[in-house]
Amino acid sequence: MLLAPDLPGPLLKLLALFFWALAIATATAFIVHPIWLPENISLNGVDVDQQLNLTLCIAGAAFVIAHMLLGLFLWRFGGKQAGRALYWHESHRMETAWTVVTAVIFVGLGLQGSRVWAREYLTDPPANAMTIEVTGQQFAWNFRYPGPDGKFGRTRPDKVDDSEGNYIGLDDGDPAGTDDITTQNVIAIPVNRPIQLIIRSRDVLHSFFVPVLRFKQDAVPGMGIPVHFTATKTGEYEVACAELCGMQHYKMRARFLVMTDTDFNAWLKSRSQ
Amino acid sequence: MSSHASTSHSTGHAAPQGFIRKYVFSTDHKVIGIQYIFLGLFSAILGTALSMMMRLRLAWPGSQFPLLEHIFPTGFPGGVMSPEFYLAVLTIHGTIMVFFLLTTVPLSGFGNYILPIQIGARDMAFPVLNMLSYWTTVVALMVLMASMFVEGGAPISGWTAYPPLSALGKIAGPGLGAGQTLWIASIAIFCLASLLTALNFITTTLNMRAAGMSLMRMPLTVWAWFTASTVALLAFPVLLGGGILLLLDRLAGTSFFLASGMVVSGKVMTNSGGSPILWQHLFWFFGHPEVYIIILPGMGITSHIISTFSRKPIFAYKAMVAAIFAIGFIGFIVWGHHMFASGMSPLVGMVFSVLTLTVGVPSAIKVFNWLATLWGGHIRCTASMLYALGFVSFFVTGGVTGLLLAQPAIDVYFHDTYFVVAHFHIIMGLAAVFSIFAALHFWFPKMFGRYMSETLGKVHFWITITGVYSIFIPMHFLGMAGAPRRYAQFTEFAYLSKLQPLTIHISWAAFVVGAAQLILLFNIFRSMRWGKRAPDNAWEATTLEWVIPSPPPHDNFGDMEPVVYRGPYEFSVPGAKADFILQTEQEVEGGE
Ligand code: HEM
Ligand SMILES: [Cu+2]
Ligand SMILES: [Cu+2]
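Residues numbered from 1 in each chain as written. Chains lettered and ligands numbered in written order. Predicted model: local features only at pLDDT ≥ 70, side-chain atom pairs only at ≥ 80, totals over all residues. Heavy atoms only, no water.

**So, the site of ligand 1**
Residue and element names in this part refer to chain B. Counted only if it meets this: If a single non-hydrogen atom of a residue is within 4 Å of a molecule or strand, that residue counts as near it. Polar contact is the term for a pair of N or O atoms within 3.5 Å; when the atoms are in protein, one must be able to donate a hydrogen and the other to accept it, and sequence-neighboring residues count only if both atoms are side-chain atoms. In this description a helix means any DSSP run of H or I spanning at least four residues, a strand means any run of E spanning at least two, and both kinds are numbered starting from the N terminus. Any residue outside Ala, Val, Leu, Ile, Met, Phe, Trp, Tyr, Cys, Pro, Asp, Glu, Lys and Arg is labelled polar, Gly included; the first ten of those are nonpolar and the last four are charged.
Ligand 1 sits among 20 residues. The nearest are W159, D411, H415, H423 and R485. Note that an oxygen atom of ligand 1 is positioned 2.8 Å from one of the side-chain N or O atoms of H415. Measuring from an oxygen atom of ligand 1, one finds a side-chain N or O atom of R485 at 2.9 Å. Among the secondary structure elements, those contributing two or more residues to the shell around ligand 1 are helix 8 (276-310), helix 11 (383-405) and helix 13 (418-448). For the shell around ligand 1, a count of residues per class yields twelve nonpolar, six polar and two charged.

Dropping the structure here:
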């Protein structure tokens, strides 16, 4: 009866085995995870990692269960069988059940994730936060500390002069700017102190990405985007650019130093000369 | 069933004479469908070759490839691929794959060929417009190809072309001059073509159905093509508009996407008042629906094929239609999930997050229904079925990572890392490509009257599915480790250099997959001439394309006026004489 070329049985069982192996191997890889996120050094990152692990478990369970079932059905219904296939094409009970269950899990996850997000992004930085300005340019990161007066001086595009080291266009006519401290491709912060960054760009889009802090923020010309965090561990880390900004995007790197208060003050002082 | 000698008929729809009218500037939806498929095949070959070049550089960044230097003297100075050439290759790869393969083949290619036949029409509603759409698409592709060869180099701003990089012109670096302008022009032309196609598909589906083909008797493929076209009709104009604004910024000195106070390459720019983020809103307002334009036809094809080869009605037909609609609709209000790190208000991000997770629900429902369709089936192991099952697997694997990306708190870590690259290659790239493979093996006998080789198909399936999973499951770990995408190499960062062994593994797996595609190519061209002859109803299936000869005559149905008496998936109906009942069959002894 069957006109079509057909190789039943064995190949479908093989596919069942493939899906099972895929599920097991992938799950194992994620559980053993020889490669993982770099360590987290941010206060908020703890919540992020927790939400990430929870979501990974749910996503992993969905992935494994779906592939187990897929394999099971292929194994069971893939061989030669007598008679006809089951003429079964709806079940309102089952359809309602899985729709409701998925909706509850997905939306629940969304609300839970939103709480983590809100704690981090819908709050103001603590009053004692230290503010640092970040300005991306092709292909370097510039940082600015307000200096003893606590105020950033004015900047003007026409003051930008790379050969003079004035990458962000500090305006020497503004007294508030005379004590500003600028650095390129290295930022230092004190440990355990809330930090607020104001992220800017002077040319194209860049993205300020510090994997150990668990966030990135695009740098957009015309905008100063605030983010805040608290680093909890001293050490040297890396800032990467995560938004395509031209041919040297792949080497737009800055050093990210988290220091004790004393070290930090000494560092800042050495930079202000 | 009746005989359908198509020597004479009275519809006034005479077949054109002459090679040019018949095969080049044809208005026959079947010829146009095949033209789109071959355009896609060409794009796929080019896009794959480009991806192999990217894998070369990523795995062995400093190495010399003298052979490639011969072909691309400027791209490989001294035999080493330059970073800007890497970005150009990446840009053309992404653009060609997303637009000229994944958007054209499942929708415009198979949709053109099959949709009119499946609803019992003799052609599209607007055959001439259909021809124009195709040739407009060809022009778009040619303009894109031209962008690679102009002075200043091929465009390097990726398939998303974010300004200011894409808007500033050559002052912002190599690859941003005329090449970028042509890139935008190509996409704008492509938008036009897609709009016209969408209009044609919608009108055809609404107006040209045969007697008895009520909406709820349409195959799920038709629902999917119809919905994808509706989405395309609403989404492409936005990209077209955005593209025109971007062109104006480049050519006419406007500042839609350019803020004031920029200093580029030491020069103070005079622009003011624009917003780079505006482009992202416009692009993703199109871009997210676009991914559904790509995947909806694949969902329809998968449903169709799984039902056919399980010899079972599709489970929950109505829920499947509803899910297609829900996905199409909700797909329009989630675009902000691409912009959690863009500087968009965090509160808005929260709303987009919850909406995005909502769109996961109808997606999950589709998976449940595919599984339930398999349950109790008499599953036939055809190559086409294997690919369709592969689609289901990819849709699950790629979909679950969406749960992570949809939450901004997590996504600001994963955004623009290889985790996203893995997510979308699996769910969009692989799933859609497997739906193309499935559709090709399934409808090839209808198109050419011959089967493709099942053996070659299966060999190709096994190598490809094993290979692509060896590429993309490990790729998630690159993202986990925080590897940014669009990097020409990973050697400049301490935390990335550790990942080089994994990168090399991925490259090798990619070369295997790339080579395996030669099997598919060979199978296609061999089977066109020497494949096993196929009967009209090649798979004992139920829908209208199986009622007519293979290949079908110019006006599809010849003397026959198709009349539809039943739903599209009447398999294994108890009491019926065969385990399938054609939609045109009126009487069934002992049945219903
Ligand atoms: C099932 C539910 C899905 C969810 C929750 C989801 C979620 C997301 C999110 C949040 C992103 C943004 C990630 C980022 O850039 O940081 C994303 C990216 C992407 N998704 Fe999905 N997605 C889903 C399904 C799909 C489907 C079905 C497709 C295509 C067929 C798709 C294609 C893409 C593409 C192409 C991108 C990346 C575009 C780019 O940046 O170049 N996704 N997805
Ligand atoms: Cu960059
Ligand atoms: Cu999206």
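**Here's the deal with the coordination of the copper ion (ligand 3)**
Residues and elements named next belong to chain B. Heads up, the rule is: Listed donors are limited to N, O and S atoms within 2.8 Å of the metal, widened to 3.2 Å for Na, K and Ca; water is not among them, so incomplete-looking sites are possible.
Here the copper ion (ligand 3) is held by H288 (ND1), H337 (NE2) and H338 (NE2), and the distances to it run 1.9 to 2.1 Å. Mapped onto the polypeptide sequence, the residues donating to the copper ion (ligand 3) form the spacing pattern H-x48-H-H. The two metals, the copper ion (ligand 3) and the iron atom of ligand 1, are separated by 4.6 Å. Taken together, the residues span a long stretch of sequence, with H288 in helix 8 and H338 in the loop between helix 9 (317-330) and helix 10 (346-374) at a distance of 50 residues.

**As for helix 6 (residues 178-207) of chain B**
What counts, and what does not: Residue count minus one, scaled by 1.5 Å, sets the expected span of a helix. Accessibility here uses a 1.4 Å probe with only protein chains present; expressed as a share of the type maximum, an area under 20% marks a residue as buried, one over 50% as exposed, and anything in between as partly exposed.
Over its 30 residues, helix 6 of chain B runs 44 Å from end to end, which matches the ideal 44 Å to within 8%, given 1.5 Å per residue. Counting buried positions over the 30 residues of helix 6 of chain B gives 21, a clear majority of the element.

**Concerning the environment of F106 of chain A**
Examined against the element boundaries, F106 of chain A turns out to sit in helix 3 (residues 92-121). Separated by 31 residues in the primary sequence, F106 of chain A and Q137 of chain A place their C-alpha atoms 39 Å from one another.

**Remarks on the sheet that holds strand 4 (residues 186-190) of chain A**
Residue and element names in this part refer to chain A. Heads up, the rule is: Strand pairing is assigned whenever DSSP identifies at least 2 bridges connecting the two strands. Only the stretch in contact is used when a helix axis is fitted, and all axes are lines through C-alpha atoms; the angle between N-to-C directions ranges over 0 to 180 degrees.
The strand order 4-10-9-6-7 describes an open sheet built from five strands, whose pairing is mixed. Only two strands of the sheet have a single neighbouring strand rather than two, namely strand 4 and strand 7 (215-219). Strand-to-strand twist of the sheet, defined as the mean angle between neighbouring strand axes without regard to direction, takes the value 25°. In this sheet, strand 9 (residues 235-241) lies alongside strand 6 (residues 206-210) in antiparallel orientation, the contact comprising two bridges.

**What about the pairing of strand 8 (residues 225-230) of chain A?**
Residue and element names in this part refer to chain A. Here strand 8 lies mainly inside the structure; five of its six residues are buried. The pairing of strand 5 (residues 194-201) with strand 8 spans six bridges and is classified as antiparallel. Paired with L197 across the strands is V227, a residue of strand 8.

**Re the coordination of the iron atom of ligand 1**
Ideal coordination angles are 109.5 degrees for a metal with four donors arranged tetrahedrally and 90 or 180 degrees for a metal with six donors arranged octahedrally. Among all protein atoms, only H423 of chain B (NE2) binds the iron atom of ligand 1, sitting 2.2 Å from it. Mapped onto the elements of the fold, H423 of chain B is located in helix 13.

**Some words on the interface of chain A and chain B**
As a reminder of what qualifies: In this analysis, two residues are considered to be in contact whenever any of their non-hydrogen atoms come within 4.5 Å of each other. Accessible area, probed at 1.4 Å, shrinks when two parts are joined; the buried area is that loss added up over both.
Contacts between the two partners involve 104 residues from chain A and, on the opposite side, 121 residues from chain B. Roughly 9700 Å² of surface becomes buried between chain A and chain B when both sides are summed, with 74% attributable to carbon and sulfur atoms. Summed over the shared surface of chain A and chain B, the number is 24 residue pairs in polar contact (both at pLDDT 80 or more). Listing elements by their share of the side of chain A that touches chain B, those giving two or more residues are helix 1 (10-32), helix 2 (43-77), helix 3, strand 7 and strand 9 of chain A. Of all the elements, helix 2 of chain A adds the most residues to the side of chain A that touches chain B, at 17 residues.

**Notes on the confidence of the model for chain B**
So the rule is basically this: Within a predicted model, pLDDT stands for the predictor's per-residue confidence, ranging from 0 to 100.
Taken as a whole, chain B shows an average pLDDT of 94; of its residues, 97% reach a score of 70 or greater. Here the predicted complex carries an ipTM of 0.96, next to a pTM of 0.96.

**Describing the sheet that holds strand 5 of chain A**
Residues and elements named next belong to chain A. A sheet is described by the order of its strands in space; here five strands give the open sequence 3-2-1-5-8, paired in mixed fashion. In this open sheet, the two strands that pair with only one neighbour each are strand 3 (181-184) and strand 8. The sheet shows a mean angle of 25° between the axes of neighbouring strands, taken without regard to direction.

**Some details on the packing of helix 2 (residues 29-59) of chain B against helix 4 (residues 83-118) of chain B**
A pair of packed helices is characterised by two quantities: the angle between their axes and the separation of those axes. Residue and element names in this part refer to chain B. Which entries qualify depends on this criterion: An angle below 35 degrees is treated as roughly parallel, one above 145 as roughly antiparallel, one from 65 to 115 as roughly perpendicular, and anything else as oblique. Crossing handedness: left-handed means the near helix sits turned counterclockwise from the far one by under a right angle, and right-handed means the same turn made clockwise.
Across the interface, helix 2 lies against helix 4 with an axial gap of 7 Å and an inter-helix angle of 155°. Taken together, the axis directions place helix 2 and helix 4 in an arrangement best described as roughly antiparallel. In this structure, the crossing between helix 2 and helix 4 has a hand that is left-handed. Here the residues of the contact of helix 2 with helix 4 are counted per class, giving 26 nonpolar, twelve polar and two charged.

**Some words on the side chain of S527 of chain B**
Residue and element names in this part refer to chain B. On the secondary structure map, S527 appears in helix 16 (residues 500-530). Accessibility expressed as a relative area gives 0% for S527, which makes it buried. In contact with S527, not counting residues within four places along its chain, are F444, R450, Y451, M452 and S453.

**Considerations on the domain arrangement of chain A**
Residue and element names in this part refer to chain A. Test applied: Each domain's extent was defined by an automatic or database domain assignment. Any carboxyl oxygen of Asp or Glu within 4 Å of a side-chain nitrogen of Lys or Arg constitutes a salt bridge here.
Taken as a whole, chain A is organised into domain 1 (9-87) and domain 2 (130-272). Each side of the interface is counted separately: domain 1 has ten residues, and domain 2 has eleven residues. Approximately 950 Å² of surface area, both sides summed, lies buried where domain 1 meets domain 2, with 58% of it carried by carbon and sulfur atoms. Area buried by domain 1 at its contact with domain 2 is led by E39, I41 and L43, which between them contribute 57% of it. The interface formed by domain 1 and domain 2 contains two salt bridges. Residues R214 and D49 are paired through a salt bridge, measuring 2.7 Å at the closest nitrogen-oxygen approach. Class assignment of the residues belonging to the side of domain 1 that touches domain 2 gives a composition of five nonpolar, three polar and two charged.

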